[in-house]
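# Examination of the molecular architecture
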Amino acid sequence: MSKVYVFLAEGFEESEAVVPIDLLRRARVEVVTVSITEEPVVVSSHGLPITADTTISTLTDPADAIFLPGGLKGTNNLKASEAVADQIRAHLDAGKYLSAICAAPTVYGLMGILEGKKATCYPGKEADLLGAEWTGAVQTVAVDGQFITSRGMGTSIDFGLKMIEILVSEEKAQEIANQVLYPRG
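Everything in this summary refers to the structure shown in the same document.

### A few points about the packing of aromatic side chains
Taken as a whole and judged by the stated rule, the model has three aromatic pairs. With 5.2 Å between their ring centres and 50° between their planes, Phe-67 and Phe-159 make a pair best called tilted. With Phe-67 in strand 6 (residues 65-68) and Phe-159 in helix 5 (residues 156-167), this residue pair connects regions lying 92 residues apart in the sequence. Exposure class is identical for Phe-67 and Phe-159. Each is buried. Judged by centre distance (5.7 Å) and plane angle (65°), the rings of Tyr-108 and Phe-147 are edge-to-face. Taken together, the positions of Tyr-108 in helix 4 (residues 105-110) and Phe-147 in strand 11 (residues 147-150) put the pair 39 residues apart, joining distant regions of the chain. On the accessibility criterion, Tyr-108 (0% relative accessible area) is buried. In this structure Phe-147 comes out as buried when scored by relative accessible area, which is 2%.

See below:
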């Protein structure tokens, strides 16, 4: 079974976190929500408190993927965390997937690890995808090597299904899409 760490920072965008988590769990992917501080309760961009499964200081082994939800304040808090950067580097070095949605792909861009990769993000944030080829409106989800990036709240289902396709199978992604009545092209 695949495992995904979802890093929650104060100000994360609810739908961008919860919709992919829901889809991944339906596909029987082990999803571990991780507070990036020692405080287990993380407050979203619209004031919704979420209790994370664990805190970042407890992580010992890489998961199959890291997932960074967007939200401007949440993304800025992710960027400011050295513990998050350490986990990203460890997962990158271990050949694991690094995924992010909305403004959050800029965390990878500003770390300089998207160089030469296709990536997407919320429109207007592409300048922070340093060295990446922004796929913009061409793709709702961009996949290049270890990186899975998406544009925003409206692409949360596509993003979650793409993660299932990569971590489990195309068949499982289609099965979950059918279950949630999502027309997949």
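### Some remarks on the packing of helix 5 against helix 6 (residues 170-179)
Interhelical geometry of helix 5 versus helix 6 gives an angle of 150° and a closest axis separation of 6 Å. Handedness of the crossing formed by helix 5 with helix 6: right-handed. Only Glu-170, Lys-172, Ala-173, Ile-176 and Ala-177 of helix 6 make contact with helix 5, whose side of the interface consists of Leu-161, Ile-164 and Glu-165. Residues that form the contact of helix 5 with helix 6 fall into these classes: five nonpolar, no polar and three charged.

### A closer look at the sheet that holds strand 6
Spatial ordering of the open sheet is given by 5-2-1-6-7-11-10, a layout of seven strands whose pairing is mixed. One side of each edge strand has no neighbouring strand; the edge strands of this open sheet are strand 5 (54-55) and strand 10 (141-144). Where strand 1 (residues 3-8) meets strand 6, three bridges bridge the pair, whose relative direction is parallel. When the bridges of strand 6 are listed, Val-6 appears paired with Phe-67. Seen against the sheet, helix 5 touches strand 1, strand 6, strand 7 (97-101), strand 10 and strand 11 and runs at an angle of roughly 170° to strand 7.

### A few points about the pairing of strand 11
Burial of the side chains of strand 11 extends over both faces: Phe-147 and Thr-149 are buried on one face and Ile-148 and Ser-150 on the other. Examined bridge by bridge, strand 7 and strand 11 share four bridges and lie parallel to one another. From the neighbouring strand, Ser-99 faces strand 11, where its bridge partner is Ile-148. Note that strand 10 and strand 11 share four bridges and pair antiparallel. Residue Val-141 lies in a different strand from strand 11, and its bridge partner there is Ser-150.

The rules we used
- For every chain, the first residue of the written sequence is number 1, and numbering continues from 1 onward in sequence order.
- The model is predicted, so local features are restricted to residues of pLDDT at least 70 and side-chain atom pairs to those at 80 or more, both for listing and for counting; the totals for chains, interfaces and linings are taken over all residues.
- Side-chain descriptors were evaluated using all non-hydrogen atoms of the structure, hydrogens and water having been removed beforehand.
- Only Phe, Tyr and Trp rings are paired, with Trp represented by its six-membered ring, and only when their centres lie within 6.5 Å; those with planes under 30 degrees apart are stacked, over 60 edge-to-face, the remainder tilted.
- Put simply, DSSP marks the helices as runs of H or I at least four residues long and the strands as runs of E at least two long, and each gets a number from the N terminus on.
- Remark: exposure states derive from per-residue accessible area (1.4 Å probe, protein chains only) relative to the maximum for the residue type, with buried under 20%, exposed over 50%, and partly exposed in between.
- A fitted line through C-alpha atoms serves as each axis, taken over the contacting stretch for helices, and the angle formed by two N-to-C directions is quoted from 0 to 180°.
- Crossing handedness is defined as follows: a turn of the near helix away from the far one that is anticlockwise and smaller than a right angle gives a left-handed crossing, while the clockwise case is right-handed.
- Contacts are assigned to residue pairs with any non-hydrogen atoms lying within 4.5 Å of each other.
- Only Asp, Glu, Lys and Arg are considered charged, only Ala, Val, Leu, Ile, Met, Phe, Trp, Tyr, Cys and Pro nonpolar, and every remaining residue, Gly among them, polar.
- Paired strands, in this sense, are two strands between which DSSP finds at least two bridges.

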